[in-house]
Amino acid sequence: MATLQLPGLAAFDLDAYCARLGYTGGREPTLQTLREIQWRHVNTIPFENLASLTGEPVPLDLPALQAKMVGSRRGGYCFEHNILFAAALERLGFAVTGLAARVLWKAPTDRIGARTHMLLKIELPDGAYLADTGFGGATLPEPIEFVTGRAQATRMESFRLVPQPEGCQLEVQLPEGWQPMYSFDGQPQQFVDYQVANWFVSTHPASRFRQVLLVARPAGGCRRTLFNGDYRQHGPGAAGERRQVGSVSELRQLLDEVFGIEAPQTATVEAALARILVAEG
């Protein structure tokens, strides 16, 4: 059984992580524990790419992730989220395998992207589950069974795994129909594989994460997303809303009050926020 062996795992502060999530339940490696921790993780820790947008390093070592996402009011993107989540699961005794995917979300059907998304396979006595806390506006709110060919309801949308010639494709059911999210095979990944992919995503000029601001947090039963200055809210938990952010101060307030992000008060961040608002306008 392959497991994702993260360096520095023994020093990971599981108590601080659970406190950040407000989780006080059992710590046995069961499906109930997995579901509750994943739900609390995605509701509490926002998806955001402020670091890569401003050209700052995006380290994946556990002390850095803990300091940023547990000790501070910050979030991260897929590698940060799922490495942090995997560390907590491994400390709880879960068998965790890291996988890598090609993103299909809102991409041309003929485009073949690199494996720049991280997801997790969790082995339980009753079978395997797919877990993912870092896919932005369509993040899985809870794990789904690692089986293909049927829709699986969650606390929010329904998801399904569709068999492909070289693996699986994850899809989410939206009002307009099934939307592909990403495709992947069963090749286990190690920490170094994610370091390489993370370097490209966070530094390459062509990377989307270097060009636009992406923020998401499915608090309660409602999806809340921010693309540059375009704020949207939808879902059964609240009335639909869409509005355009008009200033950096308004954007900072939105990040703080809606997404729980304390954006650094630096000239670099200020310039990046101003730049994406101009691009959006």
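Just so it is clear, the model here is predicted, and its values are computed rather than measured.

### A closer look at the overall build of the protein
- In terms of helices and strands, the protein carries nine helices and 13 strands.
- Taking 19 Å as the expected radius of gyration for a compact globule of 281 residues, we find that the protein reaches 18 Å, a close match to that expectation.
- Dimensions of the protein along its principal axes, counting C-alpha atoms only, are 50 × 45 × 35 Å.
- Looking at the 281 residues of the protein, the share that counts as buried comes to 52%.
- Relative to all contacts within the protein whose residues are 6 or more apart in sequence, the contacts with residues 24 or more apart total 59%.
- Counting 26 positive and 29 negative side-chain charges, the protein places the centres of these two groups 3 Å from one another.

### Overview of the environment of glutamate 90
- Along the chain, glutamate 90 turns up in helix H5 (residues 78–92).
- Sequence-wise, glutamate 90 and tyrosine 23 are 67 residues apart; in three dimensions their C-alpha atoms are separated by 16 Å.
- Look past the residues within four positions of glutamate 90 in its chain and what remains in contact with it is Thr3, Leu4, Gln5, Leu6, Leu9 and Val96.
- Of the polar contacts made by the side chain of glutamate 90, one reaches the backbone nitrogen of leucine 4; its length is 3.3 Å.

### Here we look at the packing of aromatic side chains
- One pass over the structure, following the stated rule, counts 10 aromatic pairs.
- Here the aromatic rings of tyrosine 77 and phenylalanine 209 are separated by 5.1 Å at their centres, their planes lie at 70°, and the arrangement is edge-to-face. One end of the pair, tyrosine 77, is in the loop between helix H4 (62–70) and H5; the other, phenylalanine 209, is in helix H7 (residues 208–211), with 132 residues separating them in the sequence. The exposure classification of tyrosine 77 matches that of phenylalanine 209, with both residues buried.
- For the cation-ring pair, lysine 121 lies above phenylalanine 146, with the distance from its terminal atom to the ring centre recorded as 4.9 Å.

### Looking at the pairing of strand S2 (residues 95–103)
- Burial of S2 is extensive: seven of the nine residues sit out of reach of the surface.
- Of the pairings in the sheet, the one linking S2 to strand S3 (residues 115–124) comprises eight bridges and is antiparallel in character. Pairing of glycine 98 across the sheet is with leucine 120, part of S3.
- When S2 meets strand S9 (residues 177–184), the two strands line up antiparallel, connected through three bridges. The residue of S9 that forms the bridge with arginine 102 is serine 183.

### Points about the sheet that holds S2
- The antiparallel open sheet is built from eight strands, whose spatial order is S5-S4-S3-S2-S9-S8-S7-S6. For this open sheet the edge positions go to strand S5 (144–145) and strand S6 (151–153), each flanked by a neighbour on one side alone.
- As paired elements, S6 and strand S7 (residues 158–164) share three bridges and run antiparallel to each other. Looking at the pairing, glutamine 152 lines up with phenylalanine 159 of S7.

### With respect to unusual backbone geometry
- At asparagine 228, a residue that is not glycine, the phi angle is positive and equals roughly 55°.
- With respect to the helices and strands, asparagine 228 occurs in the loop between strand S11 (223–227) and strand S12 (230–234).

### Brief notes about helix H2 (residues 31–44)
- Counted at 1.5 Å a residue, the expected span for H2 with its 14 residues is 20 Å, and the 20 Å between its end C-alpha atoms agrees.
- Burial analysis of H2 places 10 of its 14 residues in the buried class, the great majority of the element.
- Within H2, the full set of buried residues consists of Leu31, Thr33, Leu34, Ile37, Gln38, Trp39, His41, Val42, Asn43 and Thr44.
- Residues of H2 that are buried make contact with helix H1 (14–21), H5, S3, strand S4 (127–131) and strand S10 (214–217).

### Overview of the pattern of salt bridges
- Applying the stated criterion across every chain yields a total of 18 salt bridges.
- A salt bridge links glutamate 36 to arginine 155, with the shortest nitrogen-to-oxygen separation between them at 3.7 Å. Of this pair, glutamate 36 sits in helix H2 while arginine 155 sits in the loop between S6 and S7, and the two are 119 residues apart along the sequence.
- For arginine 155, a relative accessible area of 38% gives the class partly exposed.
- The closest approach of N and O atoms between glutamate 80 and lysine 68, which form a salt bridge, is 2.7 Å. Remark: lysine 68 occurs in helix H4 and glutamate 80 occurs in helix H5; sequence separation between them is 12 residues. Lysine 68 carries the same exposure label as glutamate 80, and that label is buried.
- A single salt-bridge network, built from bridges that share partners, covers Arg35, Glu36, Arg40, Glu142 and Arg155.

### A short note on the nonpolar core
- Within the largest apolar cluster, 48 residues are counted, with the highest numbers of intra-cluster contacts made by Phe12, Tyr17, Leu34, Phe79, Ile83 and Leu120.
- Only H1, H2, H4, H5, S3, S4, helix H6 (191–203) and S10 provide two or more residues apiece to this core.
- Apart from the residues lying within four places of it in its own chain, the contact partners of isoleucine 83 are Leu6, Leu60, Leu62, Leu65, Cys78, Met118, Phe191 and Tyr194.
- Grouped together as the second largest cluster of nonpolar side chains are 19 residues, Val245, Leu254, Leu273 and Ile276 included.

Parameters at a glance
Residues numbered from 1 in each chain as written. Predicted model: local features only at pLDDT ≥ 70, side-chain atom pairs only at ≥ 80, totals over all residues. Heavy atoms only, no water. Helix = DSSP H or I, 4+ residues; strand = E, 2+ residues; numbered from the N terminus. Rg over C-alpha atoms; globule rule 2.2 N^0.38 Å. Buried < 20%, exposed > 50% of the residue type's maximum accessible area, 1.4 Å probe, protein only. Contact = heavy atoms within 4.5 Å. Lys, Arg positive; Asp, Glu negative; His and termini not counted. Charge placed at Lys NZ, Arg CZ, Asp CG, Glu CD. Polar contact = N/O pair within 3.5 Å; in protein donor to acceptor, adjacent residues only side chain to side chain. Phe/Tyr/Trp six-rings, centres within 6.5 Å; stacked < 30°, edge-to-face > 60°. Lys NZ or Arg CZ within 6 Å of the ring centre and 35° of its normal. Pairing = 2+ DSSP bridges. Expected span 1.5 Å × (residues − 1). Salt bridge = Lys/Arg side-chain N within 4 Å of Asp/Glu carboxyl O. Core = buried A, V, L, I, M, F, W, Y, C linked by side-chain atoms within 4.5 Å.

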